[in-house]
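Each chain, written out:
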Amino acid sequence: MLKEHCSVVSHTCIADSVYELVLEGEMTKQMQQPGQFVHVKVSDGLDPVLRRPISIANINQEKSQFTLIYRKQGRGTSLLAEKKPGDQVDILGPLGNGFPVAEAGKGNLAVLVGGGIGVPPLYELAKQLVSKGVTVINILGFQTQGSVFYESKFAELGQTYVATVDGTHGTEGFVTSVLNNEKFHADIVYSCGPTPMLRAVEEGEFAKKVYLSLEERMGCGIGACFACVCHLKDDPEGYSYKKVCSDGPVFRAGEVAI
Amino acid sequence: MSMLNIDLPGLSLKNPVMPASGCFGFGKEFSNLFNLDILGAIMVKATTPEPRFGNPTPRVAETPGGMLNAIGLQNPGLKKVLSEELPWLKRFDVPIIANVAGSTEEDYVQVAKEISHAPNVHALELNISCPNVKTGGIAFGTDPEMAKSLTQKVKAVSSVPVYVKLSPNVTDIVSIAKAVEAGGADGLTMINTLLGMRLDLQTAKPILANRTGGLSGAAVKPVALRMIYEVSQQVSIPIIGMGGIQSAEDVIEFFYAGASAVAVGTQNFVDPFVCPSIIEELPALLAKLGYSHISECTGRSWKKVEQFAHHRA
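Calculation rules
Residues numbered from 1 in each chain as written. Chains lettered and ligands numbered in written order. Predicted model: local features only at pLDDT ≥ 70, side-chain atom pairs only at ≥ 80, totals over all residues. Heavy atoms only, no water. UniProt positions renumbered as here; feature names shortened; annotations may be inferred. Pairing = 2+ DSSP bridges. Helix = DSSP H or I, 4+ residues; strand = E, 2+ residues; numbered from the N terminus. Axes fitted to C-alpha atoms, helices over the stretch in contact; angles between N-to-C directions. Contact = heavy atoms within 4.5 Å. Salt bridge = Lys/Arg side-chain N within 4 Å of Asp/Glu carboxyl O. Buried < 20%, exposed > 50% of the residue type's maximum accessible area, 1.4 Å probe, protein only. Parallel < 35°, antiparallel > 145°, perpendicular 65-115°, else oblique. Left-handed = near helix turned anticlockwise from the far one by under 90°. Nonpolar A, V, L, I, M, F, W, Y, C, P; charged D, E, K, R; others polar. Phe/Tyr/Trp six-rings, centres within 6.5 Å; stacked < 30°, edge-to-face > 60°. Right-handed = clockwise from strand over helix to strand, strands pointing away. pLDDT = per-residue confidence, 0-100. Core = buried A, V, L, I, M, F, W, Y, C linked by side-chain atoms within 4.5 Å. 1 Å grid on protein atoms, 1.4 Å probe; cavity = no way out; pocket = protein on both sides within 12 Å on 5 of 7 lines; lining within 4 Å. Buried area = accessible area lost by both parts, 1.4 Å probe. Polar contact = N/O pair within 3.5 Å; in protein donor to acceptor, adjacent residues only side chain to side chain.

- Named according to an unreviewed UniProt entry, chain B is Dihydroorotate dehydrogenase originating from Mesobacillus foraminis.
- Of chain B, the UniProt comment under Subunit (unreviewed entry) reads exactly: "Heterotetramer of 2 PyrK and 2 PyrD type B subunits."

- Identification of chain A as Dihydroorotate dehydrogenase B (NAD(+)), electron transfer subunit from Mesobacillus foraminis is taken from an unreviewed UniProt entry.
- Per UniProt, chain A has the following entry under Sequence similarities (unreviewed entry): "Belongs to the PyrK family."
- Under the UniProt heading Function (unreviewed entry), the note attached to chain A is "Responsible for channeling the electrons from the oxidation of dihydroorotate from the FMN redox center in the PyrD type B subunit to the ultimate electron acceptor NAD(+)."

This is the structure:
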């Protein structure tokens, strides 16, 4: 983990309120696992005080660059959206434990299920899986046509389904509609998105091995502040816990209560 | 010669900078980032007799210049702190200040008695000021008589000096400070967080699951300085100051107000390297301001000039 001022290479609005931020920095070397995140200080000032956890969407080791995709919705991300190429951004990372690529073997079928702003880390995951000979199917859920991003980039890596809640693009409904209709017989499912979606993916038992990336309000991002703890699934009222930031954010389905 | 070493009851500090309780866990996470030996001391996370899961999430909310937390004293319980967390910290050459918490007087006495015997615990910090638990915590820190009585009981069983952590959520902090001094406290740590809340624009409900939380960060610094300024003139025991410290300049300001050492809290979450940075920057800042030792700064805001006759005389 490094604390570093990374420079903005490019910053592009790629869908309604969704931005793709490409950064350059030494910490790229430490980025191996898809699904890890960086903790971003969006302003030099005191408002907001805390960093923003944003997952890594793409790693480019050759250029020492990595990509973050985020939705501009609150004060923090609005300030981040103002960064221009050449600007410096104070970043702590990489943090957390990402998706276990090794769990998918050559020739396996991996189904990647993403919802909204949970889609980005699946892109680096799909890249790494494909490069080791895993067949990838991507199921991406969005609110509406205007919020769809990276569809063609995912399509380059494997068969890609898009679902929109209002039916303006792809299948009408949720990612689970696609999962229930298509019966993929996946060896492994990886998922990232809103909690209700993760719950549905967990309950659907769409593969023997299912990995989920959780989201929670974080403080430090390194496991010290205990802001983002969750209960274990087999001890929902007890004292045992996992920290989303440092034990996760990726957990095997059934490990933690979601 | 060091410009930063400080001797306080039970504590021989290399420098007066330490992470504040609840902002540093039991040190493990930060030990991956820098050598904990460089710290003046470590105030470890509050310990209660039994394990506590703490409050439901969300446990943090933000506000300009600060944050609200309602963790709820999550900790693995006295037994595990004694058998795992404190022994693990023994690999570092740094004194530990154990934060003692509970719901009843008996809880505090039990934790204090047992934890004070851990070999690397050099002092206790009696947490009578946590605003985020339903029973205990702040209840003991807002009534002078209760605070004094609890201090006496803990002092009677502790084998190391006892610092009492004061709450700013009181009308007259000086009366609480005097009461715990009369109860035998060896020092004070102040301030704990200020009780606050945030509401969600869509739902109209509190953001924190606990509804209210403790405000910390730069926003509380002026309150902490004012309280240390008032208390340090009325008690003769030393104060470890805390509340929004982010820089070496802030440290000096706390010393001027009356602190003899300081703790850094929230800023550890923003910059995990803040403590080593401050420790590194302090000597040059002291030299620039014309001091040969940091202890010369304590209480400079209110002490009479002749008390500093030795300084640049």
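## Topic: the sheet that holds strand β1 (residues 2-15) of chain A
All names here are of chain A.
Reasoning step 1: Reading around the barrel, the six strands line up as β1-β2-β5-β4-β3-β6 and close back on themselves, with antiparallel pairing between neighbours. Direction aside, neighbouring strands of the sheet carry axes that sit 45° apart on average.
Reasoning step 2: Relative to strand β6 (residues 88-95), β1 runs antiparallel, the two sharing six bridges. Bridging from a neighbouring strand, His5 pairs with Asp90 of β6.
Reasoning step 3: Each of β4 (52-60) and β5 (65-71) touches helix α2 (residues 120-131); the most contacted strand, β4, lies at about 30° to it.

## Some remarks on the pattern of salt bridges
Reasoning step 1: Summed over all chains, the structure comprises 16 salt bridges over all chains.
Reasoning step 2: The partner of Asp47 of chain A in a salt bridge is Arg75 of chain A, and the shortest N-O contact between them spans 2.8 Å. In this pair, Asp47 of chain A sits in the loop between β3 (37-41) and β4 while Arg75 of chain A sits in helix α1 (residues 75-80), placing the two residues 28 residues apart along the sequence.
Reasoning step 3: Judged by relative accessible area, which is 24%, Asp47 of chain A ranks as partly exposed.
Reasoning step 4: Glu85 of chain B is the partner of Lys28 of chain B in a salt bridge, and the nearest nitrogen-oxygen pair spans 3.4 Å.

## Quick look at the packing of helix α2 (residues 78-89) of chain B against helix α3 (residues 105-115) of chain B
Residues and elements named next belong to chain B.
Reasoning step 1: As a packed pair, α2 and α3 sit with axes 10 Å apart at the nearest point and diverge in direction by 25°. For the element pair α2 / α3, the angle class is roughly parallel. For the element pair α2 and α3, the recorded crossing hand is right-handed. The segment α2 lies against α3, with Leu78, Val81, Leu82 and Leu86 engaging Gln110, Val111, Glu114 and Ile115.
Reasoning step 2: A per-class count over the contact of α2 with α3 returns six nonpolar, one polar and one charged.

## A look at the packing of aromatic side chains
All names here are of chain A.
Reasoning step 1: Within the structure shown, the criterion is met by 14 aromatic pairs over all chains.
Reasoning step 2: Considering the side-chain rings of Phe149 and Tyr150, the 6.1 Å spacing of their centres and the 70° angle between planes classify their relative orientation as edge-to-face. In terms of burial, Phe149 and Tyr150 fall into one category: buried.
Reasoning step 3: An aromatic cluster is built from Tyr123, Phe142, Phe149, Tyr150 and Phe154, whose rings are joined through pairwise contacts.

## Structural notes on the pairing of strand β11 (residues 188-192) of chain A
A regular strand places its side chains so that they alternate between the two faces of the sheet.
All names here are of chain A.
Reasoning step 1: Among the five residues of β11, five are classified as buried, and the element is accordingly described as predominantly covered.
Reasoning step 2: Of the two faces of β11, the one carrying Ile188, Tyr190 and Cys192 and the one carrying Val189 and Ser191 are both buried.
Reasoning step 3: Bridging between strand β7 (residues 109-115) and β11 involves five bridges; their strand directions are parallel. Within the sheet, the bridge partner assigned to Val113 lies in β11 and is Ser191.
Reasoning step 4: Judged from the five bridges that link them, β11 and strand β12 (residues 209-213) form a sheet pairing that is parallel. Residue pairing for β12: Tyr190 is matched across the bridge by Tyr211.
Reasoning step 5: With respect to chirality, the unit in which β11 leads through helix α5 (residues 195-204) into the neighbouring parallel β12 is right-handed.

## Quick look at the confidence of the model for chain B
Reasoning step 1: A residue-level look at chain B finds 96% of positions with pLDDT of 70 or above and a mean pLDDT of 95.
Reasoning step 2: Interface predicted TM-score (ipTM) for the complex: 0.92; the corresponding pTM is 0.94.

## Description of the nonpolar core
Reasoning step 1: Residues Val111 of chain A together with Leu124, Leu188 and Ile240 of chain B are the most contacted members of the largest nonpolar core, which totals 137 residues.
Reasoning step 2: Broken down by element, this core gets its largest block of residues, seven residues, from helix α10 (residues 274-289) of chain B.
Reasoning step 3: With residues up to four places along the chain from it excluded, the contact list for Leu124 of chain B reads Ile97, Ala98, Val100, Ala112, Ile115, Ser116, Val154, Ser158, Val160, Pro161, Val162 and Tyr163 of chain B.
Reasoning step 4: With 30 residues, the next largest nonpolar core counts Ala110, Ala126, Leu157 and Tyr190 of chain A among its residues.

## A closer look at the UniProt feature "binding site: [2Fe-2S] cluster" (unreviewed entry) in chain A
Residue and element names in this part refer to chain A.
Reasoning step 1: The feature "binding site: [2Fe-2S] cluster" (unreviewed entry), as annotated in UniProt, sits at Cys220, Cys225, Cys228 and Cys245 in this numbering. Taking the farthest pair of C-alpha atoms as the criterion, the annotated set spanning 26 residues converges on one region, since that pair is 10.1 Å apart. Put simply, the named residues that line the largest cavity are Cys225.
Reasoning step 2: With respect to the helices and strands, Cys225 occurs in the loop between β12 and β13 (229-231).
Reasoning step 3: Its relative accessible area of 5% is what places Cys225 among the buried residues.

## Some points on the interface of chain A and chain B
Reasoning step 1: On the side of chain B, 32 residues touch chain A, which itself brings 30 residues to the contact.
Reasoning step 2: In total, chain A and chain B occlude about 2500 Å² of area from one another, counting both sides; carbon and sulfur atoms represent 69% of this.
Reasoning step 3: Our enumeration of links across chain A and chain B arrives at two salt bridges.
Reasoning step 4: Here Arg52 of chain A makes a salt bridge to Glu62 of chain B, at a shortest N to O gap of 2.7 Å.
Reasoning step 5: Where chain A packs against chain B, one counts eight residue pairs in polar contact (both at pLDDT 80 or more).
Reasoning step 6: Elements with a minimum of two residues in the side of chain A that touches chain B: β13 and β14 (241-243) of chain A.
Reasoning step 7: Counting residues per element, the side of chain A that touches chain B draws most heavily on β13 of chain A, which supplies three residues.
Reasoning step 8: Residue classes in the side of chain A that touches chain B are distributed as 17 nonpolar, five polar and eight charged.

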